[in-house]
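# Notes for the structure review
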Amino acid sequence: MHALLLSGGRVVDPANRLDASADLLIADGKIAAVGKDAAAKAPSDAERMDASGMIVCPGLIDLHVHLREPGQTAKENIASGTAAAARGGFTSLVCMPNTAPAIDSAGTVALIRDRAAQQGVVNVFVAGAITRNIAGEELAPIGSLKRAGVVAITDDGHCVQNNELMRRACEYAKMFDLPVMDHCQDYSLVTDGVMHEGYWSTTLGLRGWPAAGEEMIVARNILLAELTGAKIHCQHLSAAGSVALIREAKKRGVPISGEACPHHFVLTDAAVAGSNKFWANDGKDFFLNLDPRPLTLPSWPAYDTNFKMNPPLRSARDREAILEGLSDGTIEILCSDHAPHCDYEKEVEFDYAPFGITGLETELALSLMQLYHTKRLSLSELIAKYTIAPARLLNLKKGTLSLGADADVTVFNPDAEWVFESSASASKSKNNPFHGWPLKGKAVATIVGGKKAYVEQNELAAV
């Protein structure tokens, strides 16, 4: 029997309302004991690690990740993407279906699950497509995708524009008990926009992308969730109106939910105008919790394509609405929308660069800095948005340290200060806007099924 004892840490398990100094015993890949008696139950040959000063919590789950396999492995693959997840403290992730070919058949699902079992260092769950080839014209075989093991359906990267087709997808999803995760984008409103429509798009001469392009589809999804009873989850929310719509709908009991990404609640559209414009106003308070504050702030030029994502960075007002939605529980889930691209793809004019950034290795720190260290959320509330909330939405038996549960555990230091360097990332791609940023909070160990997927050197000592 392989056993591992984590001793002296602060165990935070929102699923069981536990927040206390305690030991945690793992045996044969399961949670064997939690509490003061865990050490006494550990076999004499158990591996022991001192977690004093650390947070020990259920393994973090990121339900919005692009692994790019199959077909786009120059950007990322299952091996590199899961390694980045482990470094970021994530024990489970959900891969999006906008691959080549798209994940719209049972065969492709089987391929990914088999590859993940061989090469992945964390749990990989699969989201299937809503429509064939993510083309928005014909439903994918949702029943066979469910039998093949998908945990949700989405056309992420695209949005089904045909409302009748989306209704039928919701009806099938309800039948098969699958959540529908939707990339909310009205093409007729967004057209060829490349950044948020507002002051900075006008100043920079870039085509604007109105917030209404997201809000219109969020409103549609609320109506369809109410009509069909299907669980609809709105991905990467960025607009104030979207938060207000979901808040009101949830009060009426509509099965609608949403997620937020760190780049949308840290950055604003001013960042596209360059670092000086961002730090002058919208970003001036971000490093208040670092002691001492950095003497030299991170810098980048205007039109830096690492600040181009879908949906785009929005105004300070929108950012504040996202933070309020996270604080009051309107937005239940945090994720990265990890979207790797090759360097040469991003090294073009802003108009022509692909949308998307990497995020698996920075999202925990950014979330801690903007939500926990600012006292917008307690540690337990923040951890819940990465554990029990996504597990509940996707019907996963994860996100808990209950006895007998899979031993997926994250250990992190919420006060560790470090600087993120893209060149040191485990991801194949380096398109991350937070390169060179001083951060506070870091994963020091990621344990998946009782096995160490990642351990930060010199941070978690064996005893």
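On to the pattern of salt bridges, then. Evaluation of the coordinates by the stated rule reveals 20 salt bridges. Close ionic contact of Asp19 with Arg10 constitutes a salt bridge, the shortest N to O distance being 2.8 Å. Among the residues examined, Asp19 registers a relative accessible area of 39% and is labelled partly exposed. Among the ionic pairs, Lys41 bridges to Asp37, the shortest N-O distance being 3.4 Å. In this structure Lys41 comes out as exposed when scored by relative accessible area, which is 52%. With relative accessibility at 38%, the residue Asp37 sits in the partly exposed group. The network of salt bridges with shared partners includes Lys30, Lys398, Asp406 and Asp408.

For the rest of this paragraph, the subject is the pairing of strand β7 (residues 90-95). Side-chain direction in a regular strand flips from residue to residue, so the side chains alternate between the two faces of the sheet. Counting buried positions over the 6 residues of β7 gives 6, a clear majority of the element. The pairing of strand β6 (residues 60-65) with β7 spans 4 bridges and is parallel. From the neighbouring strand, Leu60 faces β7, where its bridge partner is Phe90. As a crossover connection, the stretch from β6 through helix α2 (residues 78-88) into β7 is right-handed.

Direction vectors running N to C along helix α14 (residues 363-372) and helix α15 (residues 379-386) enclose 140°, while the axes themselves pass 11 Å from each other. Relative to α15, α14 is oriented oblique. Considering how the two elements wind past one another, α14 and α15 form a crossing that is right-handed. The segment α14 lies against α15, with Glu363, Leu364, Ser367, Leu368, Leu371 and Tyr372 engaging Leu379, Leu382 and Tyr386.

Moving on to the pairing of strand β16 (residues 409-419). Taking burial as the measure, the 11 residues of β16 include 8 buried ones, the bulk of the element. Examined bridge by bridge, strand β5 (residues 55-58) and β16 share 4 bridges and lie antiparallel to one another. In the sheet register, Cys57 faces β16, and the bridge partner there is Thr410. Pairing between β16 and strand β17 (residues 438-448): 8 bridges, direction antiparallel. From the neighbouring strand, Glu417 faces β17, where its bridge partner is Lys440.

Among the secondary structure elements, Thr330 is positioned in the loop between α12 (316-327) and β15 (333-334). Its relative accessible area of 5% is what places Thr330 among the buried residues. A polar contact of 3.3 Å, which involves the side chain of Thr330, links it to the side chain of Arg247. Each residue touching Thr330, except ones within four places of it in the same chain, is listed here: Val243, Ile246, Arg247, Lys250 and Gly325.

Criteria and cut-off values
Residues numbered from 1 in each chain as written. Predicted model: local features only at pLDDT ≥ 70, side-chain atom pairs only at ≥ 80, totals over all residues. Heavy atoms only, no water. Salt bridge = Lys/Arg side-chain N within 4 Å of Asp/Glu carboxyl O. Buried < 20%, exposed > 50% of the residue type's maximum accessible area, 1.4 Å probe, protein only. Helix = DSSP H or I, 4+ residues; strand = E, 2+ residues; numbered from the N terminus. Pairing = 2+ DSSP bridges. Right-handed = clockwise from strand over helix to strand, strands pointing away. Axes fitted to C-alpha atoms, helices over the stretch in contact; angles between N-to-C directions. Parallel < 35°, antiparallel > 145°, perpendicular 65-115°, else oblique. Left-handed = near helix turned anticlockwise from the far one by under 90°. Contact = heavy atoms within 4.5 Å. Polar contact = N/O pair within 3.5 Å; in protein donor to acceptor, adjacent residues only side chain to side chain.

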